[in-house]
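Chain residues, written in single-letter form:
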Amino acid sequence: MDRHITGSMSVADVVSRYPQTRQFLEESGIDYCCGGRQPLKNACENAGRSYNEIKAQLEQLIELPRPETYGMPQWLQASAGELVDHIVATHHSFMKEQLPRLTSLLDKVYKAHHARHGETIRQLQWLYERLRMDIEMHLAKEEQVLFPMIKEMEAFANGQAPMPEMHCGTVQNPIRQMESEHDTAGGVLAEMRTITSGYLLPDDACETFKALYDGLKAMEDDLHQHIHLENNILFGKAVELESRVCQRSDRS
Ligand SMILES: [Fe+2]
Ligand SMILES: [Fe+2]
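In this text, all values refer to a predicted model and were calculated from it rather than measured experimentally.

**Focus: the overall build of the protein**
Turning to step 1, where the next piece is worked out: A count of helices and strands for the protein gives seven helices and zero strands.
Turning to step 2, where the next piece is worked out: Taken from the N to the C terminus, the helices and strands of the protein come in the order α-α-α-α-α-α-α.
Turning to step 3, where the next piece is worked out: Counting only C-alpha atoms and orienting by the principal axes, one finds that the protein spans roughly 70 × 40 × 30 Å.
Turning to step 4, where the next piece is worked out: Within the protein, buried positions represent 28% of all 252 residues.

Structure representation (C-alpha cells):
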C-alpha cells in the first residue's frame, strides 16, 4: 500500500488506513468518527489546528512499522464478523462496565463537592445520564438487530448459511439510525467536555474527582474509537455485503 497523506483524504480514511494515527488525532481534537467524512484539511481548520503541522506529524506516524506488527489489527482487511466480534468484546463490554461505575462516581463527587462545584456537577450528571440511557439502548439494538443481520449476510455470502430473511436495500435503515444515534452521543460528549473546560480539575479536587474525570475522558476516547470502527469501516462492509447477497439471490 502506497503510504501518503493529502489534505483531500477524509479523516476517516486516514485513521482506517493508518490506525496508528488515531491517538494523535484524538489528542489533537480532530474529529475522525462522527465527522470523519470531511477532508483532513477542513477538519484541521475546524479544530483550529495548522494543516501543515498535523500533516507533518501524520507523515511521521505512518512511517512507523505497520500497526499489525505491534498488535493493532488492520480492520479494513478483516471480515465484517471479525470486526463485529471485536466491537462487542472490546467496546460494548467496556461501556457496560464503565457506565454504572461513572454514575456512582458522579454521585460521590456531587455529595463531597456540591458546595463549591454543585452547578457543574449537576449539569454533568444530567448530560451523563442522558448519554447512558441512549447508549444502553443503542448497544442493545446493535447486538440484537444490526450485528446479527450483518453476520447472517456474511455467512450467506460465504456459502455457509441459507439466504437470510431480508429485503434488499434495507440494511441502510438501521445503519442510518445508528449513525444518527452516534451523532447524538458525540454531541453530548462534546458538551460534557465544554462544561468541564476540557476536564480541567478544580484546585480542591480529591482523588474521586480525579477518578471521575479520568473515567469520563477514557469513555470519550473509547467511544470515538468505537464509533469510528462502526461508521467508517463496519457499515461500509455491511452495505457491500448486502449488495453481494442480493446479487446472489437474484441469480438463484
Ligand atoms: Fe457499537
Ligand atoms: Fe454504535
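There's more to say after this.
**Things to note about the nonpolar core**
Turning to step 1, where the next piece is worked out: If you look at the biggest cluster of nonpolar residues, it comprises 31 residues, and the most contacted ones within it are Val11, Val14, Val15, Ile30, Tyr32 and Leu106.
Turning to step 2, where the next piece is worked out: Broken down by secondary-structure element, the contributors of at least two residues to this core are helix 1 (11-17), helix 3 (40-46), helix 4 (51-62), helix 5 (80-157), helix 6 (172-195) and helix 7 (207-251).
Turning to step 3, where the next piece is worked out: With nine residues, helix 5 is the largest single contributor of residues to this core.
Turning to step 4, where the next piece is worked out: Two domains each provide a minimum of three residues to this core, namely domain 1 (11-70) and domain 2 (78-251).

**Quick word on helix 5**
Turning to step 1, where the next piece is worked out: The end-to-end C-alpha separation of helix 5 is 11 Å, well short of the 116 Å expected for 78 residues at 1.5 Å each.
Turning to step 2, where the next piece is worked out: Its maximal kink placed at His114, helix 5 deviates by approximately 130°.

**A short note on the environment of Gln38**
Turning to step 1, where the next piece is worked out: In this structure, Gln38 sits in the loop between helix 2 (22-27) and helix 3.
Turning to step 2, where the next piece is worked out: Separated by 28 residues in sequence, Gln38 and Ser10 place their C-alpha atoms 5.2 Å apart.
Turning to step 3, where the next piece is worked out: Excluding residues within four positions of it along the chain, Gln38 makes contact with Ser10, Val11 and Ala43.

**A closer look at unusual backbone geometry**
Turning to step 1, where the next piece is worked out: One non-glycine residue with positive phi stands out, namely Ser197, at about 50°.
Turning to step 2, where the next piece is worked out: Tracing the chain through its elements places Ser197 in the loop between helix 6 and helix 7.
Turning to step 3, where the next piece is worked out: Of note, the phi angle at Tyr199 is positive, near 55°, even though the residue is not glycine.
Turning to step 4, where the next piece is worked out: The exposure class assigned to Tyr199 is partly exposed, which follows from the 15 C-beta atoms found within 10 Å.

**Things to note about the packing of helix 5 against helix 6**
Turning to step 1, where the next piece is worked out: At their nearest, the axes of helix 5 and helix 6 sit 10 Å apart, and the two run at 160° to each other. It follows that helix 5 is roughly antiparallel to helix 6 by the angle criterion. The chirality of how helix 5 crosses helix 6 is left-handed.

**Let's talk about the domain arrangement of the protein**
Turning to step 1, where the next piece is worked out: Domain annotation of the protein identifies domain 1 (11-70) and domain 2 (78-251).
Turning to step 2, where the next piece is worked out: The distance between the C-alpha centroids of domain 1 and domain 2 comes to 21 Å.
Turning to step 3, where the next piece is worked out: Of the residues lining the interface, nine residues belong to domain 1; the matching set on domain 2 comes to eleven residues.
Turning to step 4, where the next piece is worked out: At the level of secondary structure, the elements contributing two or more residues to the side of domain 1 that touches domain 2 comprise helix 1 and helix 2.

Cut-off values and rules
- Residues numbered from 1 in each chain as written.
- Chains lettered and ligands numbered in written order.
- Predicted model: local features only at pLDDT ≥ 70, side-chain atom pairs only at ≥ 80, totals over all residues.
- Helix = DSSP H or I, 4+ residues; strand = E, 2+ residues; numbered from the N terminus.
- Buried ≥ 20, exposed ≤ 12 C-beta atoms within 10 Å, placed from the backbone.
- Core = buried A, V, L, I, M, F, W, Y, C linked by C-beta atoms within 7 Å.
- Domains from an automatic or database assignment.
- Expected span 1.5 Å × (residues − 1).
- Bend = angle between axes of the 7 residues up to and from the residue.
- Contact = placed C-beta atoms within 7 Å.
- Axes fitted to C-alpha atoms, helices over the stretch in contact; angles between N-to-C directions.
- Parallel < 35°, antiparallel > 145°, perpendicular 65-115°, else oblique.
- Left-handed = near helix turned anticlockwise from the far one by under 90°.

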